[in-house]
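What the coordinates show
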Amino acid sequence: MASLLIRNGRVITADSDSVCDILVEGETIVAIGKNLPVQADEIIDATGKLVMPGGIDPHVHLDMPFMGTFSSDTHETGTRAALHGGTTTVIDFVLQKQGHSLREALTEWQGRATGTAVGDYSFHMAVTDFNPSTKEEIKDMIAEGITSFKTFMAYKGALMIDDAQMVGLMQEVKKHGGLVTAHATNGDMIDTLIAQHRAAGKLTPRYHYLSQPEVTEAEASGRFADIANYTGVNAYIVHLTCEGALNQVRRATERNQRVFVETCIQYLLLDASLYGDDFEGAKWVMSPPLREKKDQATLWAGINQGLVQVVGTDHCPFMLEQKKMGADDFSKIPNGHPAIEHRMELLFSEGVMKGRISPQKFVEVTSTNAAKIFGMFPRKGTISIGADADLILIDPRKKHTISAATHHMNCDYSGYEGWELTGKIDTVLLRGQVAVDAGETKVGRGYGQFIKRGKTGF
């Protein structure tokens, strides 16, 4: 069994910070200590570098069918790009087709991911048609390690379920110890606003943003929290963007309810001023849309207050040619943007290096909390004896610039073109193997494994 020793790194977890050595044998960490008196097949000198757990991005859409096309990153290209950015595990969304079973959807997604993923992956199950036969499948999915179920409160006629289905799903998932997540925006209200703007000939990307005002997210977040409180299920809001929605979560805490919250890197760093009346704004057409500066301040505060537990990406890239499906009508622009590769370095540079969050908080929101919430801890999300050796080495002072010319995502633009960052991920280990070193991929197609998840352990 091959061994690897990382020496003299500043090892940071969600609750520790010390200069020490880490010994890896095979896929796991077997010893941690100061000046470990051991030999190894390979030695990495991490002097002057930070050593942290590999990132977990619990919100990605790889090879996803949407609006007549597919997101442009496959499980191979997407997980490879994730590794280059220090994310060693992703959780992708399986989308049930209405009128079809959860099993059919899972088989379809397994067919795309098995044997192709470069990094580790798991699945959420998006339930778009909750009925008596779907209900019977919930316990089987949980037994197979798919313990989280997504609901859409928008995209009527395609993905959206109504509140009656939501209650039924939550009751069944609660019975078997799972978790329900929600895309919490008011689909009926959004559809009405889209129709009004289109009727008035207001068709530029700016009107995507104006069709989803803050109230549409705040109302749905409160409704989701209320239904979850009634059913008692573990609840998680994906990609929360704004002050109004987070205030609904604050309100829920007043009745002793716990609602997990994920935001995404773009909502911390970008704002709605990017939506103009030319096509350029299509690059950032996503749902929910980018918000205002005051919402960014709320989200950063929410992280430090413990109200926001996870920073993901909602990575769902499309080529510019695909975005041009909506060149003359914002409602036809495929929703999503590329971010899987840059989440960790963006948050480190803009968060840790600018004093907005501590290094420990960085580890919490990029890795540990997701591992706990989604049933992968302590195998993933920490540096401890017996854990998978998913490790990243960061040079905290190294500067670099984001560009579509150098990124590994299968997307011909970047949402962060020209951003100069401080802090570069130099080396990435996945299950004990050096997966990326100095910008070079060291593991191949199919190295990624499906991670069977347990129940929420947060």
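This report concerns the structure included in the present document. (Residues numbered from 1 in each chain as written. Predicted model: local features only at pLDDT ≥ 70, side-chain atom pairs only at ≥ 80, totals over all residues. Heavy atoms only, no water.)

**Observations concerning the nonpolar core**
Of all hydrophobic cores here, the largest spans 107 residues; its most connected members are Met52, Met125, Phe224, Ile265, Leu268, Leu347 and Phe362. Residue contacts for Met125: discarding those within four places in its chain leaves Val94, Leu102, Leu106, Met141, Ile146, Ser148, Phe149 and Lys150. (Core = buried A, V, L, I, M, F, W, Y, C linked by side-chain atoms within 4.5 Å. Buried < 20%, exposed > 50% of the residue type's maximum accessible area, 1.4 Å probe, protein only. Contact = heavy atoms within 4.5 Å.)

**Some thoughts on the packing of aromatic side chains**
Using the criterion set out here, one finds 11 aromatic pairs in the structure. The interplanar angle of 85° and the centroid separation of 5.5 Å between the aromatic rings of Tyr416 and Trp419 together place this pair among those described as edge-to-face. For Tyr416, a relative accessible area of 1% puts it in the buried group. Residue classification places Trp419 among the partly exposed positions, given a relative accessible area of 23%. Over the ring of Trp109 we find Arg112, and its NZ or CZ is 4.3 Å from the ring centre. (Phe/Tyr/Trp six-rings, centres within 6.5 Å; stacked < 30°, edge-to-face > 60°. Lys NZ or Arg CZ within 6 Å of the ring centre and 35° of its normal.)

**Comments concerning helix α7 (residues 214–231)**
If you check α7, its first and last C-alpha atoms are 26 Å apart, about what 18 residues at 1.5 Å a residue would give, namely 26 Å. Among all positions in α7, only Thr216, Glu217, Ala218, Ala220, Ser221, Gly222, Phe224, Ala225, Ile227, Ala228 and Thr231 are buried. Gly232 sits one or two positions beyond α7 and adopts a positive phi of about 80°. (Helix = DSSP H or I, 4+ residues; strand = E, 2+ residues; numbered from the N terminus. Expected span 1.5 Å × (residues − 1).)

**Comments concerning the side chain of Thr366**
Mapped onto the elements of the fold, Thr366 is located in helix α13 (residues 359–373). Separated by 2.7 Å, the side chain of Thr366 and the backbone oxygen of Phe362 make a polar contact. (Polar contact = N/O pair within 3.5 Å; in protein donor to acceptor, adjacent residues only side chain to side chain.)

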